[in-house]
Amino acid sequence: MEENAAPAFTFGLIADIQYADKKDGSNFSGTRKRYYRNSLHLLRNAIRHWNEEEVKPSFILQLGDIIDGFNSKHGASEEALQKVMDEFRSFPAPVHHVWGNHEFYNFTRSALFSSALNSKVREDEESDEQIDDVYAYHFSPAPKFRFVVLDAYDLSIIGRDEASEKYNLAFEIIKAHNPNEELNMPPGRFQMDGRFVKFNGGFSQDQLDWLDRVLIRADENGEKVTVVSHTPVHPFSTDSVCLAWNFDEILPVLRSHQSVVCFMAGHDHDGGYCVDAVGIHHLTVEGVIETPPDFDAFGTVHVYEDKMVLRGNGRIKDRVLNYR
Ligand SMILES: Nc1ccn([C@@H]2O[C@H](COP(=O)(O)OP(=O)(O)OC[C@H](O)CO)[C@@H](O)[C@H]2O)c(=O)n1
């Protein structure tokens, strides 16, 4: 996979660090080990690697769940976030933070907006309406390339005020599909319904309309767009229990814009990948938290005019993502 030409730029990828100063544990079903303390060491490995690159990445995409919800139970959220952010600060380029379910276990939505995890940049402010209380933005790291960060917990029963319209709508949606008293327990009847759990969420119509407008401009400008969110949106790129609730509403939006070349997510710690019917790549990045201490889980993406080349480390595979 050697490339002769220099890439337009490169960027780092890392997902589900879920740091907590806590001994190793497991996921809820006990099928996967979680290495809470060691996740900080794996982040350090990734930053060291990016710092040693001859041409350093232009930015890092942190795909959400930066610290684990356990911190909240022990009043350790601020301290844990500080430790993780200290690691990121040893890298000289911007970090774009995506918000996942564990962000909302640790902090309120308004606290997140005022925190170091708000990496929202406002480009093209005049023509780009902002959506109230939604963490969605876009940026262009180089001419003809754009990244769109989405809020996968916009419609959710975590991180939304119980009196809000969005909470009530989210509650109706989850109750219509999940009969369990414990709403983190996936409904069992149809596999695809497994996504209707409390630790997932969806995109409001406002956010989908905003995305559509951003992508119309990207199409007009002949840009290549990578869209990112914490939850994956293609059923072949993840276990269905980690899919966005309304993946079936966002997929047609992505497919209707020639500019979209890739969708990147975290959340499913086993990772996943597929190319959809129109040639959009769906990459779910393996989670640091379930990566054994002697392994790694980060990648560097080399962006070219006609493709992106992912160079994976540890359990992340190398891939060539040709544009459609
Ligand atoms: N059946 C379940 C599953 C989970 N919970 C509780 O829900 C919260 C979130 O679960 P957690 O596994 O920590 O979420 P992650 O985002 O780390 O992982 C998502 C996928 O599993 C990764 O593949 C937590 O409080 C669990 O205790 C539950 O009650 N019942």
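Before reading further, recall that the structure is shown in the block above.
Residues numbered from 1 in each chain as written. Predicted model: local features only at pLDDT ≥ 70, side-chain atom pairs only at ≥ 80, totals over all residues.

**Section: the nonpolar core**
Let me state the cut-off plainly: To define a nonpolar core, we join buried Ala, Val, Leu, Ile, Met, Phe, Trp, Tyr and Cys residues through C-beta atoms within 7 Å and take the resulting set. Put simply, a residue is buried when 20 or more other C-beta atoms lie within 10 Å of its own C-beta and exposed when 12 or fewer do; between those, it is partly exposed, and each C-beta is set from the backbone. Once C-beta atoms have been placed from the backbone, residue pairs whose C-beta atoms lie within 7 Å are recorded as contacts.
Core analysis: the largest hydrophobic core is formed by 84 residues, its most contacted members being I14, L43, L63, V84, L150, V228 and M264. The contact partners of V84, leaving out residues within four places of it in the chain, are I17, Y19, L40, L43, I66 and I67.

**Thoughts on the site of the ligand**
To keep things clear, this is the line we draw: Put plainly, near means the residue's C-beta atom, positioned from the backbone, lies within 6 Å of the molecule or strand in question. We call Asp, Glu, Lys and Arg charged. Ala, Val, Leu, Ile, Met, Phe, Trp, Tyr, Cys and Pro are nonpolar, and the rest, Gly among them, are polar.
Every one of the 13 residues lining the ligand counts as a neighbour, but F28, N184, M185, F199 and H269 are closest to it. Of the residues belonging to the shell around the ligand, the class tally is four nonpolar, six polar and three charged.

**Focus on the sheet that holds strand β14 (residues 319-322)**
Keep this limit in mind: Think of it this way: DSSP has to see at least two bridges between two strands before they count as a pair. Helix and strand definitions follow DSSP, with helices as H or I runs of at least four residues and strands as E runs of at least two, each counted in order from the N terminus. In this analysis an axis means a line fitted to C-alpha atoms, helices contributing only their contacting stretch, and an angle means the value between N-to-C directions, from 0 to 180 degrees.
Overall, mixed pairing links the six strands, which are arranged β5-β4-β1-β12-β13-β14 in an open sheet. Where the open sheet ends on each side, the last strands, each with one partner, are β5 (95-97) and β14. Each adjacent strand pair in this sheet contributes to an overall mean axis angle of 20°, direction not counted. In terms of strand pairing, strand β1 (residues 9-14) meets strand β4 (residues 59-62) through four bridges, oriented parallel. Residue G12 lies in a different strand from β4, and its bridge partner there is I60.

**Focus: the packing of helix α7 (residues 205-220) against helix α8 (residues 247-255)**
What counts here: Throughout, the term roughly parallel applies to angles under 35 degrees, roughly antiparallel to angles over 145, roughly perpendicular to angles from 65 to 115, and oblique to all others. Crossing handedness: left-handed means the near helix sits turned counterclockwise from the far one by under a right angle, and right-handed means the same turn made clockwise.
Between α7 and α8, whose axes approach to 10 Å, the crossing angle comes to 10°. With respect to α8, the axis of α7 lies roughly parallel. For the pair α7 and α8, the crossing hand works out as right-handed. Mapping the contact onto sequence places L208, L211 and D212 in α7 and E249, I250 and V253 in α8. A class-by-class count of the residues in the contact of α7 with α8 yields four nonpolar, no polar and two charged.

**Description of the pairing of strand β11 (residues 281-284)**
In regular strands, side chains alternate between the two faces of the sheet. Residue alternation in β11 divides its side chains into two sets, H281 and L283 and H282 and T284, and both sets are buried. As paired elements, strand β10 (residues 272-275) and β11 share four bridges and run antiparallel to each other. Residue pairing for β11: Y273 is matched across the bridge by L283.

**Digging into the sheet that holds β11**
Spatially, the six strands line up as an open sheet ordered β6-β7-β8-β9-β11-β10, and their pairing is mixed. The sheet terminates laterally at β6 (137-142) and β10, the two strands that pair on one side only. Ignoring strand direction, the axes of neighbouring strands in this sheet form an average angle of 15°. In this structure, strand β9 (residues 260-265) lies alongside β11, joined through four bridges in parallel fashion.

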